[in-house]
Amino acid sequence: MTERSVAFTLNGEQREAKIDPRMHLGDFLRHSLGLTGTHIGCEHGVCGACTVIVDGAPVRSCLMLAVQVDGCRVETVESLGKPGELSPLQQAFAANHGLQCGFCTPGMLMTLEAFLRTTPAPTEQDVRAAISGNICRCTGYQGIVQSALDTAKANQK
Amino acid sequence: MSGRFFGAAVTRVEDARLLTGKGHYVDDIELAGMLHAAFVRASFAHGRIRSIDKSDALAMPGVVAIYTMDDFADIAQGPMPPMAQHPLLKTPITYHPLSDTEVRHVGEAIAIVLADSRANAEDAAAAVMLDVEYLPAVSDVVLAHEANSPTTHSQHASNIAATMTAGFGDCDKVFAKADHVLTEQFDIHRGGCHAMECRGVVANIDLLTDALTISTSSQSPYMVRRHLAAYLERDENDVRVMTPDVGGGFGPKANVYAEEFAVALSAIKIRRPVKWIEDRQEHFVATTQQRGQVWSLDVAFDNDGRMRAIRGHCIHDNGAYAPYGLILPATAIASFPGPYALEALDLTIDVVLTNLVPTSPVRGACRPNVAFLLERLADRIARHLSMDRQEVRRRSFVKAEQMPYITGLKTRDGSPISYDSGDYTGALNLVLDKIAAKDFEARRNEAKRRGKLRGLGIASCVEDTGLGPFEGASIRVTPAGKVIVATGASSQGQGHRTAFAQIAADALGVELEDVTVETADSAKFPLGISTIASRIAVTAGSSVQLAADKVRAKAITFASHQLEVGAHDLELEGGAVQVKGVPEMKIKLSEIARALAGTTGVPLPGNMEPDLAATAYFNSNALTFAYGANACEVEIDPETGDVRVVRYVVVHDCGKLINPLIVDGQIRGGVVHGIGNALFERMIYDEQGQPLTTTYGDYLLPMASEMPPIEIHHMETPSPRNPIGVKGAGEGGTIPAAACVISAVEDALGPNGPFIPVHPISPHQIVTWLKGKTAASG
């Protein structure tokens, strides 16, 4: 397989890489770049665990080929807060018990991060619809929904 | 217990790491020289392998080796040891690490391919050629139960692996004297589990010492070690097993899997690290599933609605193997009679093998099945007598004043099952009050005006928790004054690190951030059992308390010597032992730890044992019984058959709450799991045992858009059976949930609608029922 060169922005930094054309973006981020925060849950685009933001839109990194990010802006969970300085959305997740095993969490965060940028004042139903492509088997979703609502409310103050 | 942390809804210490993408799961492990494994799996449900041709596959890019069972003959051979022996299973029905010759379900692993990348391993796995003699398969458990059925194992005369019976009282006598008897058939669907992280294993061999290290996404890492060491005829000390972060368990990850053995055997053979990460399609065909049971039950009851006796028969779908012995049917039996005080019970379960992936516990382990049966019967009796459903339950419940209540059944060790404490009527009354059941008809009428059918469902349950034998913990205060807790209890997202830190921090008078909890690494703690059956808060939680109490006593003894103060005048506060009420007279835990670490030639005071540390095990000799009452409301669109759960209220009693935030999260997740079982999750096989639902496009899991907010109220009846008064909470959400939802659906369909003895139910089924009703009433 001939590798192809791509140039893109990853979490604000300019990156260049040679990529096997059949590799999907999730594997590329995790195994080529070591950004293991993005998780692979189903590899057929339904569970949403691998969601990252590409050019502002939430994208399933298991359904996008890595070579397609050429010229794009890619954001992963590593672009949000750090353990000592969580982002407002991450803080809300901790406060509302919006995560248990943590496996779907990065995908949930990136989906909601993109959503809240375009929908700053959502209703509960809006939030539930926004994450209707992200499966969580642990929490029953309630803490996640509340986290998004709390973050939106805090942003408006 | 009273303290600053025990009982408080503190946020989890796990979260900062997991929220920032710094969790460390099995697939995040990278080792130098590591190979990636892919399995060649059966695409047929039953057959005999005549030969395997690896030649094309071995020539493919990056492929290093392809092993079948024969290739492991010099290391180990034969079937894997069973996880739980049962006298009724004379011969264990377990897998070989790779199939020997006969394959008994789609997805069974036949060969393992090792390559330099996962993609190359998967490519090569597809190129391994099998010559197979196909054998007749059976995928329907009722057909498999029949005498002339094809057999799942060609050498077996029948698919009935065991017949279990249990009961108490004189059923014939009670049935003869009861006012009424009803008979119902129930069909509870198999379903999968689907933790969001698939399974994964990394095995590594130390080239100098030959020691084996395994990281596995397991709920039972110590079982993996024990069984693997026995299989390899190695000392357990030469096999280190640990779990990194695990992305959900819910039961299936409690098994010791053939893949764990095959990956370990491959690493030993190739003498390089080997990683296998299951993909979701493999998860559908190779990770154990549950629930599949067909029941016929007779219930005897009186005019006043009191349930008096139940007798019946179950055909239990065990799949192609019984790696976990008879744990599921045994749990089903032990889950009777639920919250009801029966005079007699008589049950028979035929454990039947089918050419499907094996069944093993999934969140509740047959307790949801039994809750479904009992609660459906309660509703059925109410309908038969034209009584209120609540009233049947109230009259049939075990009463609070009967506690402790001996059910009449026996535990696995033969001791009587006895409910420790609780108020089942109180729980039902509270949940009906919270959901405002008395105003329900107004809401039903309002929905009717919108063209919707609204129904109210209720369901109660009892859950045995805190299963023995034990878990343990060691606690050490470091010379820096930090507290390290190590336990064998593995974690898959339950917040163990926080809960155990809360217990230890209170006992030792330190801050939560001063406590570090290490879980499930055999190099850090020697023994552990499993994170299953809602047992860890009771077993490991209690052991943390006991170990912390020992450390506390040691610190006080030391301080008593140093400060020349009686032990009873000392307390632990702010990371120090101080004279009660005199904080300036104190000695820090860090100083005690340093002193007890020893200085050359300086004796320890009072001839104390070195090290400010202790280990304790809590033997759980008697189960603790959590319980709950649920109520929910559904709305049905009669045109589409769509069922929406619009309100869900839980009353739950798991004794003392260590952390209400975590308990509520466990319950909410469990309820949603049960709603999925009731309305969505359907694992379909064709007659030849081919699974037809192997993607999330076909197999529907509950999504946020369909789930209601879930309101939770706690009752706190401390368990007298452990030092911290807790009961388990991990499965209490799931156990009554499907029963509650189906009860509401039946109520919505109205008095002319059908009795519903199955789940999941589909929109199509609802519409059919509604049409039937229209036809009948028209």
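Look a little higher up for the structure.
Scoring rules and cut-offs
Residues numbered from 1 in each chain as written. Chains lettered and ligands numbered in written order. Predicted model: local features only at pLDDT ≥ 70, side-chain atom pairs only at ≥ 80, totals over all residues. Heavy atoms only, no water. Helix = DSSP H or I, 4+ residues; strand = E, 2+ residues; numbered from the N terminus. Rg over C-alpha atoms; globule rule 2.2 N^0.38 Å. Contact = heavy atoms within 4.5 Å. Lys, Arg positive; Asp, Glu negative; His and termini not counted. Charge placed at Lys NZ, Arg CZ, Asp CG, Glu CD. Patch = residues over 30% accessible without salt bridge, like charges linked within 9 Å, V, L, I, M, F, W, Y side chains within 5 Å. Areas by Shrake-Rupley, 256 points an atom, 1.4 Å probe, with all protein chains shown as cover. Salt bridge = Lys/Arg side-chain N within 4 Å of Asp/Glu carboxyl O. Buried < 20%, exposed > 50% of the residue type's maximum accessible area, 1.4 Å probe, protein only. Pairing = 2+ DSSP bridges. Axes fitted to C-alpha atoms, helices over the stretch in contact; angles between N-to-C directions. Right-handed = clockwise from strand over helix to strand, strands pointing away.

*Asks:* It is not clear to me how the overall build of chain B should be interpreted in this structure. Could you clarify?
*Replies:* Tallying secondary structure elements over chain B gives 19 helices and 29 strands in all. Against the globule reference of 28 Å for 778 residues, chain B gives a C-alpha radius of gyration of 28 Å, in line with a compact fold. Intrachain contacts of chain B at a sequence separation of at least 6 include 80% that bridge at least 24 residues. For chain B, the distance from the average position of its 71 positive side-chain charges to the average position of its 92 negative side-chain charges is 4 Å.

*Asks:* Is there a simple way to think about a negative patch on the surface in this case?
*Replies:* Residues and elements named next belong to chain B. Where like charges cluster on the molecular surface, the negative patch consists of Asp-140, Glu-146, Asp-187 and Glu-687. With respect to the helices and strands, Asp-187 occurs in strand β8 (residues 180-188). For Asp-187, a relative accessible area of 40% puts it in the partly exposed group.

*Asks:* How should I be thinking about the sheet that holds strand β22 (residues 570-573) of chain B in this particular structure?
*Replies:* Note on sheets: strands pair through backbone hydrogen bonds, and any given pair is parallel or antiparallel. All names here are of chain B. The strand order across the open sheet built from three strands is β22-β23-β24, with neighbouring strands paired in antiparallel fashion. Strands at the two margins of the open sheet, each flanked by one partner only, are β22 and β24 (582-588). Each neighbouring strand pair of the sheet contributes to a mean axis angle of 40°, computed without reference to strand direction. Relative to the sheet, helix α16 (residues 589-597) contacts β22, β23 (576-579) and β24, its axis offset from that of β24 by approximately 30°.

*Asks:* So what exactly am I meant to see when it comes to the pairing of strand β11 (residues 239-242) of chain B here?
*Replies:* Consecutive side chains of a regular strand alternate in pointing toward one face of the sheet and then the other. All names here are of chain B. As paired strands, strand β10 (residues 212-216) and β11 are joined by four bridges and run parallel to one another. In the strand pairing of β11, Thr-213 is matched with Arg-240. Regarding topology, helix α6 (residues 221-232) serves as the crossover connection from β10 to the parallel β11, and that connection is right-handed.

*Asks:* Any chance you could explain the sheet that holds strand β13 (residues 293-301) of chain B here in plain terms?
*Replies:* All names here are of chain B. Pairing in this open sheet of six strands is mixed, and the strands run β7-β15-β14-β13-β8-β29 from one edge to the other. Bordering the open sheet on either side are β7 (160-168) and β29 (758-759), each of which pairs with just one other strand. Here helix α10 (residues 367-385) sits on the sheet in contact with β8, β13, β14 (307-317) and β29, set at roughly 140° to β8.

*Asks:* Looking at this structure, how should I read the pattern of salt bridges?
*Replies:* A side chain of one charge can pair with a side chain of the opposite charge if their charged atoms are brought near each other. Counted under the stated rule, the structure contains 63 salt bridges over all chains. Taking the shortest distance from any N to any O, the salt bridge between Arg-137 of chain A and Glu-681 of chain B comes out at 2.8 Å. In this pair, Arg-137 of chain A sits in the loop between α4 (124-130) and α5 (142-156) while Glu-681 of chain B sits in the loop between α17 (660-679) and β28 (710-714), so the two residues belong to two different chains. Judged by relative accessible area, which is 5%, Arg-137 of chain A ranks as buried. Given the relative accessible area of 1%, Glu-681 of chain B is considered buried. Between Glu-259 of chain B and Arg-41 of chain B there is a salt bridge, and its shortest N-O distance comes to 2.9 Å. With a gap of 218 residues between them, Glu-259 of chain B in helix α7 (residues 258-270) and Arg-41 of chain B in strand β1 (residues 35-41) connect regions that are remote in the sequence.

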